[in-house]
Amino acid sequence: MRAPVPFSRAEAAARGVTRHKLLTSSRYVQVTHGMWIDTEPETDIIAPIWADDDWARDQVRLTAGIGIDPRSVGCNVTAARLYGLPLPGSADKRLHVALGEMNASRRRRDAVLHRYVRLRADDFFGLPLISVPQLFAELAGVLTTEQLVELGDAAVGRWQCGPLTTIAEIRAELAARSRLVGRQTAQKAIELVREDVDSPPETRLRLQLIAAGFPEPSVHPAVYCGLIDSVLHPDMGYPAIRFAIEYEGDHHRTSPSQFAEDNRRIAALEAEGWFVLRVSKRSNWADIRRIVEYHLRRAGLL
């Protein structure tokens, strides 16, 4: 995608841009103390296929922060956004950077500075970001258990660029920390994180079912369907009673090809004796709960 590349005052001088132009021309915008961008022309940058304008803005801000201090590593909610991991809408919008030096005392304008004894960074599309297991531990002090499970599912699953890590790696990171803000939240969350989850709404639905007192549904149970001679994997369900739950995002409704595939899948599952409950963001939770309870109670699972 295209985005501006931040530069310092010294780099501006090398480009022939005077201090007066930096301060007066609408072409040059200061993104943080000591760093500017040229709004024309923008430059091609490497980005994830799902990246949008918000991602590009975070990329520019972190790149500017690195320009101020090359030791900087994106962390906390900044790293989560750049990794494409889900966060609540109320999450902090400030730039968060980490340094691998506990005695680092330099103050940062326009950024929240974190200090680490053992900072591990990964390269993500040219950006140094805190490792995902460390990010999970760090956000345990910021997010609720449910929000952290949602982030964890996305990190170990196929959401955006995933999988970015494994449950085992996250467990090892938590165990290696003698002190951890939000340890109880982290421990509860990692017990609920599951691999192979397709989307955050599916995570939220699974957690709602558990919170309602139902047995935890299996994620993507394998179902051989003779009608189409294929193995299908509904989003979640209870294989013992042939009860599947499919979460359908808006693309299931707006894409003719996806709608046709959904009908094909449901027909194949029903031919194998499965009941398929289709859920969307507009579904009524009370109705969902009654249907799930009916099938589980009928099968003696409640």
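Residues numbered from 1 in each chain as written. Predicted model: local features only at pLDDT ≥ 70, side-chain atom pairs only at ≥ 80, totals over all residues. Heavy atoms only, no water.

Asker: For this particular structure, what's the right way to read the overall build of the chain?
Answerer: Of regular secondary structure, the chain possesses 12 helices and 16 strands. Along the first, second and third principal axes, the C-alpha atoms of the chain reach 75 × 50 × 35 Å. Evaluated residue by residue, the chain yields a buried proportion of 45% over its 302 residues. Of the contacts formed within the chain by residues at least 6 apart in sequence, a portion of 59% connects residues at least 24 apart. With the model as given, the accessible surface of the chain reaches about 15500 Å², and the carbon-plus-sulfur share is 51%. Taking the average place of the 39 positive charges on the side chains of the chain and the average place of its 38 negative ones, the gap between the two points comes to 8 Å. (Helix = DSSP H or I, 4+ residues; strand = E, 2+ residues; numbered from the N terminus. Buried < 20%, exposed > 50% of the residue type's maximum accessible area, 1.4 Å probe, protein only. Contact = heavy atoms within 4.5 Å. Areas by Shrake-Rupley, 256 points an atom, 1.4 Å probe, with all protein chains shown as cover. Lys, Arg positive; Asp, Glu negative; His and termini not counted. Charge placed at Lys NZ, Arg CZ, Asp CG, Glu CD.)

Asker: Is there a simple way to think about the pattern of salt bridges in this case?
Answerer: Here the idea is simple: oppositely charged side chains can pair when their charged atoms come close. Here the structure, examined in full by the defined rule, presents 21 salt bridges. Residue R57 pairs with D54 through a salt bridge whose shortest N-O separation is 2.1 Å. In this pair, R57 and D54 are both assigned in helix α3 (residues 53-68), 3 residues apart and thus about one turn of the helix distant. Here R158 ties to D198 by a salt bridge, and the two come within 2.5 Å at their closest N and O atoms. (Salt bridge = Lys/Arg side-chain N within 4 Å of Asp/Glu carboxyl O.)

Asker: Would you mind showing me how to read the sheet that holds strand β16 (residues 275-279) here?
Answerer: Sheet strands line up and pair through hydrogen bonds in the backbone, either parallel or antiparallel. Overall, mixed pairing links the 4 strands, which are arranged β11-β14-β15-β16 in an open sheet. With one partner strand each, in any of the chains shown, β11 (218-219) and β16 form the two edges of the open sheet. Bridge count for strand β15 (residues 243-247) against β16 is 5 bridges, and the pairing is parallel. Within the sheet, the bridge partner assigned to A244 lies in β16 and is V276. Here helix α12 (residues 285-298) sits on the sheet and contacts β14 (236-238), β15 and β16; the angle it forms with β16, its principal contact strand, is near 165°. (Pairing = 2+ DSSP bridges. Axes fitted to C-alpha atoms, helices over the stretch in contact; angles between N-to-C directions.)

Asker: Please clarify how the environment of E169 should be interpreted in this entry.
Answerer: Positionally, E169 belongs in helix α7 (residues 167-176). Here E169 falls in the partly exposed class, since its relative accessible area comes to 42%. As for E169 and E248, which are separated by 79 residues in sequence, their C-alpha atoms are 31 Å apart.

Asker: Would you explain the state of the cysteines in this entry?
Answerer: Such a bond, covalent and formed between the sulfur atoms of two cysteines, is termed a disulfide. If you walk through the whole model with that rule in mind, you get 0 disulfides. We note that C161 lacks a disulfide partner, and the nearest cysteine sulfur, in C75, lies 20 Å from it. (Disulfide = S-S within 2.5 Å.)

Asker: Explain the packing of aromatic side chains to me, please; I cannot follow it from the model alone.
Answerer: For any pair of aromatic rings, the description consists of the separation of the ring centres together with the inter-plane angle of the planes. As enumerated under the stated definition, the model contains 5 aromatic pairs in all. An angle of 20° between the planes, with centres 6.1 Å apart, marks the rings of Y238 and F243 as stacked. Look at Y238 and you get buried, because its relative accessible area is 6%. Arranged with centres 5.6 Å apart and planes meeting at 40°, the rings of F243 and F275 form a pair that is tilted. With F243 in strand β15 and F275 in strand β16, the pair connects residues that are 32 residues apart, well separated along the chain. What makes F275 partly exposed here is its relative accessible area of 35%. Each member of the aromatic cluster is reached from another via a ring pair, and the members are Y83, F124 and F125. (Phe/Tyr/Trp six-rings, centres within 6.5 Å; stacked < 30°, edge-to-face > 60°.)

Asker: Where do I start with the sheet that holds strand β2 (residues 7-8) in this structure?
Answerer: Spatially, the 3 strands line up as an open sheet ordered β2-β4-β3, and their pairing is antiparallel. Only two strands of the sheet have a single neighbouring strand rather than two, namely β2 and β3 (28-32). Across 2 bridges, the pairing between β2 and strand β4 (residues 35-38) is antiparallel. Each residue of the ladder has a partner; that of S8, found in β4, is M35.

Asker: Teacher, can you tell me more about helix α6 (residues 145-156) here?
Answerer: Since the α-helix packs 3.6 residues into each turn, any two residues three or four apart lie on the same face. With 12 residues, α6 extends 16 Å between its outermost C-alpha atoms, agreeing within 8% with the 16 Å of an ideal straight helix rising 1.5 Å per residue. A large share of α6 lies buried, amounting to 10 of its 12 residues. On its buried side, α6 packs onto α4 (76-83), α5 (132-139), α7, α8 (183-192) and α9 (200-211). (Expected span 1.5 Å × (residues − 1).)

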